[in-house]
Amino acid sequence: FYHKFVIRPSSKGSNNLTISWKFTDNIIVHLDIVEGNKKPNALIANKLYIGKDVFDDLDEIIQKYLEPCNAHMRQIIIHKKFLKGYNNNYYIWRQN
């Protein structure tokens, strides 16, 4: 159930999409995707931007952005100093 995501239209306007990504139980990350210029009648632009990163399509965002982030998150969750507790809106990183 972790690392699932939904790509949807953004409330920021018709040139934006949002990825709502379940990072952990209590954390959902919302990523803003800005579309480049669209061709007439195109459903989605040929260039998509997350910050300064440029992608050709949604599949590339999934492969080059979300999947590597998911892999890093899995490594964090299995680390011996990571506790699956939730305290004051932050996950706890054990000091010992």
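Throughout what follows, the structure given in this document is the object of discussion. Quantities reported herein were computed from a predicted structural model and do not represent experimental measurements.

**What about the nonpolar core?**
Among soluble globular proteins, nonpolar side chains are generally buried collectively.
Here's step 1: Judged by nonpolar contacts, Leu17, Ile19, Trp21, Leu31, Ile33, Leu48, Ile50, Phe55, Ile61, Ile62 and Leu66 together constitute the single largest core of eleven residues.
Here's step 2: Contributions of two or more residues to this core are made by strand S2 (16–24), strand S3 (27–35), strand S4 (48–50) and helix H1 (58–78).
Here's step 3: Leave out the neighbours within four places in its chain, and Ile50 touches Asp32, Ile33, Phe55, Ile61 and Tyr65.

**Digging into unusual backbone geometry**
Here's step 1: You will see that Asn41, though not glycine, has its phi angle at about 65°, which is positive.
Here's step 2: Turning to its location among the elements, Asn41 is positioned in the loop between S3 and S4.

**Observations concerning a nonpolar patch on the surface**
Here's step 1: A cluster of nonpolar residues, Val34, Tyr49 and Val54, forms a patch on the protein surface that exposes about 210 Å² of accessible area.
Here's step 2: Among the structural elements, Val54 can be located in strand S5 (residues 53–55).
Here's step 3: A relative accessible area of 43% means that Val54 is categorised as partly exposed.

**Brief notes about the packing of aromatic side chains**
Here's step 1: For the structure on display, the rule yields one aromatic pair.
Here's step 2: Arranged with centres 6.2 Å apart and planes meeting at 90°, the rings of Phe55 and Tyr65 form a pair that is edge-to-face. Highlighted residues: Phe55 in strand S5 and Tyr65 in helix H1, separated in sequence by ten residues.

**Description of the pattern of salt bridges**
Here's step 1: Scanning the entire structure with this criterion turns up four salt bridges.
Here's step 2: Linking Lys64 and Glu60 is a salt bridge whose minimum nitrogen-to-oxygen distance equals 3.3 Å. Highlighted residues: Lys64 and Glu60, both in helix H1, separated by four residues, approximately one helical turn.

**Regarding the side chain of Glu60**
Here's step 1: Judged by its relative accessible area of 14%, Glu60 falls in the buried class.
Here's step 2: Look past the residues within four positions of Glu60 in its chain and what remains in contact with it is Phe55 and Tyr65.

**Description of H1**
Here's step 1: Look at H1: 29 Å from first C-alpha to last across 21 residues, which is about the 30 Å you get at 1.5 Å a residue.
Here's step 2: Maximal helix bending in H1 amounts to about 30°, located at Leu66; proline Pro68 follows within four positions.
Here's step 3: Near the N-terminus of H1, the side chain that reaches the backbone nitrogen of Asp59, with its oxygen 3.2 Å away, is that of Asp57.

**As for the sheet that holds S2**
Here's step 1: One open sheet holds the five strands; their spatial order is S1-S2-S3-S4-S5, and the pairing between them is antiparallel. A strand with exactly one partner marks an edge of an open sheet, and here the two such strands are strand S1 (5–9) and S5. Strand-to-strand twist across the sheet, computed as the mean angle between neighbouring axes with direction ignored, equals 30°.
Here's step 2: Strand direction decides the pairing type here: S1 and S2, joined by five bridges, are antiparallel. Bridging across to S2, Ile7 finds its partner in Ile19.
Here's step 3: Along the sheet, H1 contacts S1, S2, S3, S4 and S5; its crossing angle with S2, the most-contacted strand, is approximately 20°.

Cut-offs and rules
- Residues numbered from 1 in each chain as written.
- Predicted model: local features only at pLDDT ≥ 70, side-chain atom pairs only at ≥ 80, totals over all residues.
- Heavy atoms only, no water.
- Core = buried A, V, L, I, M, F, W, Y, C linked by side-chain atoms within 4.5 Å.
- Buried < 20%, exposed > 50% of the residue type's maximum accessible area, 1.4 Å probe, protein only.
- Helix = DSSP H or I, 4+ residues; strand = E, 2+ residues; numbered from the N terminus.
- Contact = heavy atoms within 4.5 Å.
- Patch = residues over 30% accessible without salt bridge, like charges linked within 9 Å, V, L, I, M, F, W, Y side chains within 5 Å.
- Areas by Shrake-Rupley, 256 points an atom, 1.4 Å probe, with all protein chains shown as cover.
- Salt bridge = Lys/Arg side-chain N within 4 Å of Asp/Glu carboxyl O.
- Phe/Tyr/Trp six-rings, centres within 6.5 Å; stacked < 30°, edge-to-face > 60°.
- Expected span 1.5 Å × (residues − 1).
- Bend = angle between axes of the 7 residues up to and from the residue.
- Polar contact = N/O pair within 3.5 Å; in protein donor to acceptor, adjacent residues only side chain to side chain.
- Pairing = 2+ DSSP bridges.
- Axes fitted to C-alpha atoms, helices over the stretch in contact; angles between N-to-C directions.

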